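Per-entry structural report
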Amino acid sequence: MKTQYILIDRKQIDEEAIEKAGAIIRNGGLVAFPTETVYGLGGDGLNADASGKIYAAKGRPSDNPLIIHIAEMSALSRIASYIPDAAYTLANRFWPGPLTMIFKKTDEVPRETTGGLDTVAVRMPSDEVARAFIKAAGGYVAAPSANLSGRPSPTSGAHVLEDMDGRIEMILDGGSSQIGLESTIVDLTSDVPMVLRPGFVSIEMVREALGEAEYDPAIMSGLNSNQAPKAPGMKYKHYAPKGDLTIVSGEKQAVVDYIKAEINKHSSDTRIGVIASDETYCEYNATVVTAIGSMTDEEAVARHLYGVLRDFDTQNIDLIYSEEFRIGQLGQAIMNRLMKAAGHQVIEVK
Ligand code: TXA
Ligand code: MG
């Protein structure tokens, strides 16, 4: 299949291109599109065959449910059989935006879209290109992140092209993703609202809105946990770079000293990468040293993370050391992704 690649100018969104993209979805095809979190791989969420094609294009296990993207609040009742008050509260604050909510589904949503579950995940993105595209597509776009299964989520059109060229009908390139990490997922079907995946909307923000919220205990605890995460996708080793990634945790200078000593231990044949902060990157002398952002700018770190992991793959790095970025409210989301990329390989230094 030939993949059409279309650059979208955000100052003047090309309606004809959006309409073409929408028609592909209405006819059962696939289009990757930008959102403020990461790029999505879209198909018609109410069409079982389209969902099947999404799994095939990603090489993703079909028990891993998809998020349905909507553009208007009025679209929700067709796919959610019960909408609790808490959902209206969260929607008022965070929609459109980087929040996904889980509801009991209606019969209109095929089980192929929900990985066999009787619940459905729904998000209303704020990205203007995404919203225009969803409307043109008929209002219900099922979309996982537009990466091949096991690769970091794409945060630019070029990342999508790397993974999806020849596998889907069209890519809409709307530039770099503003946030760079996937949406926060909140399950509203449990007694207490439960955060299944941390994201830009922090658990503190959800608690402030609803009075209560808990983390799914399985998500932060790591590999030795025997609990199955409630979001099926969280059980897979995602976001993994090819190189062996280790996170070094501890007091700042001790972390820098440890990573420098590790670099010195290896011969120059070993291709070593370091994920450092703007403040520390000049300390290191390795094959590739990346300044991911300032320790005082959690949003920059989040925005750059997946692109940095992809660059290490491009440069065939064997070993990667990362500093720890437990910073601000986004620290939970950043470290959740970094820990998964590292297969929970962490070294504590003093
Ligand atoms: O920011 C995002 O959410 C991006 C953009 C494209 O919207 N999408 C995204 O989709 O990250 P994906 O498929 O890569 O991740 C969806 C996660 C998976 O971990 C999946 O298991 C979980 O949501 N999920 C989907 N439906 C669910 C459901 N009914 N119950 C529990 N978890 C669900
Ligand atoms: Mg994903």
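Residues numbered from 1 in each chain as written. Chains lettered and ligands numbered in written order. Predicted model: local features only at pLDDT ≥ 70, side-chain atom pairs only at ≥ 80, totals over all residues. Heavy atoms only, no water.

Quick word on the layout of surface pockets
Stated formally: Only protein atoms enter the 1 Å grid used here. Points where a 1.4 Å probe fits but cannot escape make up a cavity, open sets with protein on both sides within 12 Å along at least five of seven lines make up a pocket, and a residue lines them when an atom lies within 4 Å of a point. Grid points are joined across faces, edges and corners, and a volume is the space filled by probe spheres set on the points. Under the scheme used here, helices are H or I runs from DSSP no shorter than 4 residues and strands are E runs no shorter than 2 residues, and both carry numbers assigned from the N terminus. Throughout, the ten residues Ala, Val, Leu, Ile, Met, Phe, Trp, Tyr, Cys and Pro are labelled nonpolar, Asp, Glu, Lys and Arg are labelled charged, and all others, Gly among them, are labelled polar.
The computed volume of the largest pocket comes to approximately 730 Å³. Lining the largest pocket are 45 residues, and of these R60, N64, P65, I185 and R197 lie nearest its centre. Going through the elements one at a time, β4 (67-69), β6 (119-123), β9 (184-187) and β10 (194-197) are the ones with two or more residues in the lining of the largest pocket. Of the residues assigned to the lining of the largest pocket, the class counts are 20 nonpolar, 16 polar and nine charged.

Observations regarding unusual backbone geometry
The criterion, for reference: Only protein chains enter the area calculation, which uses a 1.4 Å probe; residues under 20% of their type maximum are buried, those over 50% are exposed, and those in between are partly exposed.
Look at the link from W95 to P96: it is a cis peptide, with omega at -10 degrees. Positive phi, close to 50 degrees, is recorded for N316, a residue that is not glycine. Structurally, N316 can be placed in the loop between α10 (298-314) and β15 (319-323). On the basis of relative accessible area, N316 is assigned to the exposed category, the value being 52%. One non-glycine residue with positive phi stands out, namely H344, at about 60 degrees. With respect to the helices and strands, H344 occurs in the loop between α11 (331-341) and β16 (346-349).

Regarding the site of ligand 1
Which entries qualify depends on this criterion: We call a residue near a molecule or strand as soon as one heavy atom of that residue lies within 4 Å of the molecule or strand. Under the rule applied, a polar contact is a pair of N or O atoms within 3.5 Å (in protein, one hydrogen donor and one hydrogen acceptor; residues adjacent in sequence only if both atoms are side-chain atoms). For accessible areas, the Shrake-Rupley method is used with a probe of radius 1.4 Å. Any residue's cover is judged against the shown protein chains and nothing else. More than half of a molecule's atoms lying within 2 Å of a cavity's or pocket's grid points is what places that molecule inside it.
What surrounds ligand 1 is a group of 29 residues, the closest being T37, N64, H69, S183 and G233. Contacts to ligand 1 include N64, whose side-chain N or O atom sits 2.8 Å from an oxygen atom. With respect to ligand 1, the side chain of R197 contributes an N or O atom lying 2.9 Å from an oxygen atom. When the free accessible area of ligand 1 is taken as 680 Å², the share hidden by the protein chains comes to 98%. Comparing atom positions with the cavity grids shows ligand 1 to sit within the largest pocket. Elements that contribute at least two residues to the shell around ligand 1 include exactly β4, β6 and β10. For the shell around ligand 1, the leading source of residues is β6, giving four residues. Its residues placed into classes, the shell around ligand 1 shows 16 nonpolar, eight polar and five charged.

Overview of empty space enclosed by the protein
Tallied over the entire structure, the rule returns one cavity of 30 Å³ or more. Estimated volume of the largest cavity: approximately 40 Å³. Forming the boundary of the largest cavity are T184, V195, P198, G199, V201, S202, I203, E204, Y215, Q329, Q332 and A333.

What to know about the packing of aromatic side chains
Going by this rule: By convention, a stacked pair of Phe, Tyr or Trp rings (six-membered ring in the case of Trp) has centres within 6.5 Å and planes under 30 degrees apart, an edge-to-face pair has planes over 60 apart, and any other such pair is tilted.
If you walk through the whole model with that rule in mind, you get one aromatic pair. Their ring planes at 40 degrees and their centres at 4.8 Å tell us that F33 and F133 sit as a pair that is tilted. Of the two residues, F33 sits in strand β2 (residues 31-33) while F133 sits in helix α5 (residues 128-136), which places them 100 residues apart along the sequence. Judged by its relative accessible area of 0%, F33 falls in the buried class. On the basis of relative accessible area, F133 is assigned to the buried category, the value being 0%.

Observations regarding the environment of M164
Our working definition: The contact criterion used is simple: two residues touch if any of their non-hydrogen atoms lie within 4.5 Å.
By the element assignment, M164 lies in helix α6 (residues 157-164). Here M164 is in contact with T3, L41, A57, K58, A146, N147 and L148, once residues within four sequence places are set aside.

Side note on the sheet that holds strand β13 (residues 272-276)
Here is the rule: Paired strands, in this sense, are two strands between which DSSP finds at least two bridges. Working convention: axes come from line fits to C-alpha atoms, limited for helices to the stretch in contact. Angles between N-to-C directions cover 0 to 180 degrees.
The strand order across the open sheet built from five strands is β14-β13-β15-β12-β16, with neighbouring strands paired in parallel fashion. Lying at the two open borders of the sheet, with one neighbouring strand each, are β14 (288-291) and β16. Along the sheet, successive strands turn relative to each other by an average axial angle of 20 degrees, direction set aside. Inspection of the sheet shows strand β12 (residues 244-250) paired to β16 by four bridges, in the parallel sense. Across the sheet, residue V248 finds its bridge partner in β16, namely I347. α10 rests against β12, β13, β14 and β15 of the sheet, and its axis sits at about 170 degrees to β13.

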